[in-house]
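Read off the chains here:
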There are 2 protein chains.
Amino acid sequence: MQLFYAPDLTTPRYTLGEEESKHCIRVLRLRRGDTLHLTDGRGTLYRCEIAEEDARRCTVRVVERFPDYERMPYRLTMAVAPTKNIERFEWFLEKATEVGVSEIVPLLCERSERRALKIERAERVVVSAMKQSLKAFCPALRPLTPLDDLLAEPFDGRRLIAHCDAPRMEKRHLFDTLRPHENLLVLIGPEGDFSPAEIDAALRAGFEEITLGRQRLRTETAAVVATVMAATRNHTPDQTA
Amino acid sequence: MQLFYAPDLTTPRYTLGEEESKHCIRVLRLRRGDTLHLTDGRGTLYRCEIAEEDARRCTVRVVERFPDYERMPYRLTMAVAPTKNIERFEWFLEKATEVGVSEIVPLLCERSERRALKIERAERVVVSAMKQSLKAFCPALRPLTPLDDLLAEPFDGRRLIAHCDAPRMEKRHLFDTLRPHENLLVLIGPEGDFSPAEIDAALRAGFEEITLGRQRLRTETAAVVATVMAATRNHTPDQTA
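As a starting point, this report considers the structure included with it. (Residues numbered from 1 in each chain as written. Chains lettered and ligands numbered in written order. Predicted model: local features only at pLDDT ≥ 70, side-chain atom pairs only at ≥ 80, totals over all residues. Heavy atoms only, no water.)

## Some remarks on the relation of the copies chain A and chain B
The operation relating the pair of chain copies consists of a rotation about an axis and a translation along that axis.
For step 1, the next point in the chain: Least-squares fitting of chain A to chain B yields an RMSD of 0.0 Å, with the transformation described by 0.0 Å of translation along the axis and a rotation of 180°. Such a combination of turn and shift is consistent with a two-fold rotation axis. (Least-squares fit on C-alpha atoms with pLDDT ≥ 70 in both.)

## A word on helix H7 (residues 219-233) of chain B
For step 1, the next point in the chain: Taking 1.5 Å as the rise per residue, H7(B) with 15 residues should run 21 Å; its terminal C-alpha atoms sit 21 Å apart, in good agreement.
For step 2, the next point in the chain: Within H7(B), 14 of the 15 residues are buried, which leaves the element mostly enclosed by the surrounding structure. (Helix = DSSP H or I, 4+ residues; strand = E, 2+ residues; numbered from the N terminus. Expected span 1.5 Å × (residues − 1). Buried < 20%, exposed > 50% of the residue type's maximum accessible area, 1.4 Å probe, protein only.)

## Some details on the packing of aromatic side chains
For step 1, the next point in the chain: The tally for this structure, following the rule as stated, stands at four aromatic pairs over all chains.
For step 2, the next point in the chain: For the ring pair Phe89(A) and Phe92(A), a centre distance of 5.8 Å and an interplane angle of 45° mean the geometry is tilted. Linking Phe89(A) with Phe92(A), this pair stays in helix H2 (residues 86-99), spanning three residues, or about one helical turn.
For step 3, the next point in the chain: Residue classification places Phe92(A) among the buried positions, given a relative accessible area of 0%.
For step 4, the next point in the chain: Over the aromatic face of Phe175(B) sits the side chain of Arg233(B), whose NZ or CZ is 4.1 Å from the ring centroid. (Phe/Tyr/Trp six-rings, centres within 6.5 Å; stacked < 30°, edge-to-face > 60°. Lys NZ or Arg CZ within 6 Å of the ring centre and 35° of its normal.)

## Structural notes on the environment of Pro167(B)
Residues and elements named next belong to chain B.
For step 1, the next point in the chain: Mapping proline 167 onto the fold places it in the loop between strand S10 (158-162) and strand S11 (170-173).
For step 2, the next point in the chain: Proline 167 sits in the buried class, given a relative accessible area of 14%.
For step 3, the next point in the chain: Residues proline 167 and isoleucine 210, 43 residues apart in the sequence, show an inter-C-alpha distance of 8.8 Å.

## Examining the interface of chain A and chain B
For step 1, the next point in the chain: In this assembly, 39 residues from chain A lie in contact with 38 residues from chain B.
For step 2, the next point in the chain: Along the contact surface separating chain A from chain B lie eight salt bridges.
For step 3, the next point in the chain: Close ionic contact of Arg214(B) with Glu70(A) constitutes a salt bridge, the shortest N to O distance being 3.2 Å.
For step 4, the next point in the chain: Here chain A and chain B share 17 residue pairs in polar contact (both at pLDDT 80 or more) between them. (Contact = heavy atoms within 4.5 Å. Salt bridge = Lys/Arg side-chain N within 4 Å of Asp/Glu carboxyl O. Polar contact = N/O pair within 3.5 Å; in protein donor to acceptor, adjacent residues only side chain to side chain.)

By themselves, these figures tell us nothing about what the structure is for.
This is how it looks when you write it as structure tokens:
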């Protein structure tokens, strides 16, 4: 199955953009009546048929709708300081989308190496990963957000900060502290970690301190590790023949 | 702490190579008597002092040895089909080294997109990640190995194959089936997955079928997810203030 992204999808008929049309007709060589799948990125998967095989304005007919397609059984917001090397941060965006993430907040911290972010470029990485991994929910992607602003926001769920400094009270291992089906917000700091003042501020705001293990992980690695731990805690039971 | 790699280390004195010497003296600006750390990559960490501050042939004196430095409490061999895009495979090499892996076997499979591998380039990635993550054990890296050869080798531990085909008997979720402190071999197939014949051959050889969850993961993502699950199963208890 190849998945097309159509946030502006209309039913019962929809016209693909030029790029998607060209890909359908010239690359995939789809013809009238052939099946293809689209998503609006807001949870619905559409099984469609080619109606008009135009390589610039390809029209499809919606045949079947699958609302709430494979919704994650938990919500995960990863708030991560973008790395100086943007490819590393984009690696995290792609992998988090594949494994499962609801929202990504690029964080601006005291020790942030990267203090500006091209959000359109980040969006392209996330959309591409959503399509490739056949998801109908596109992770929400916020602009670069100062840590203080995020700490001040209300959040209905568990709020966790990963840091490498000495624990203020008790640092729980992320996997051990998670319970299935929770709503989670996880903070991952920049290359130089959160500052002591930032950690204190997070704790005053009610965040829990977590560790991802004894390893010394890069920012983007820590972010992917946390994402995998959350998915692992929430995975579905085994499959038999 | 900055870690230098010295597989040919001699005690009580050792002379760094040109590149490392230049890095010590010109970049880090270390001087006689300053402390630095070296590893032989075989498990020993050495605390050393600069003896002669030569920017081309810097000599150090070994002050203290830490044998068996932070050895993993389990063994993990990741046998992974290198991806067509070598950067994706190198991301896996780096991330697996950070998170914890004992040995990496690049796999040549029926559907492999990449049928040759520059092993020196892969070694540089692994050594770099070992130094950056302050490890004293360098993951062993084998040359590109045909799957059949690996299936025929004896292995003292659990042998697991991740695939996306229908289960032959029962597919266990990797995290659920793992027990702490095991010796593990995990197979991850190429972009088009293992072929049915390859899966059957692995099962005949005694491999267990596993799944990494419902998500559709790229090869290198699956490999990192498996590595994280193994580390998570084996992590050490919580830390208190």
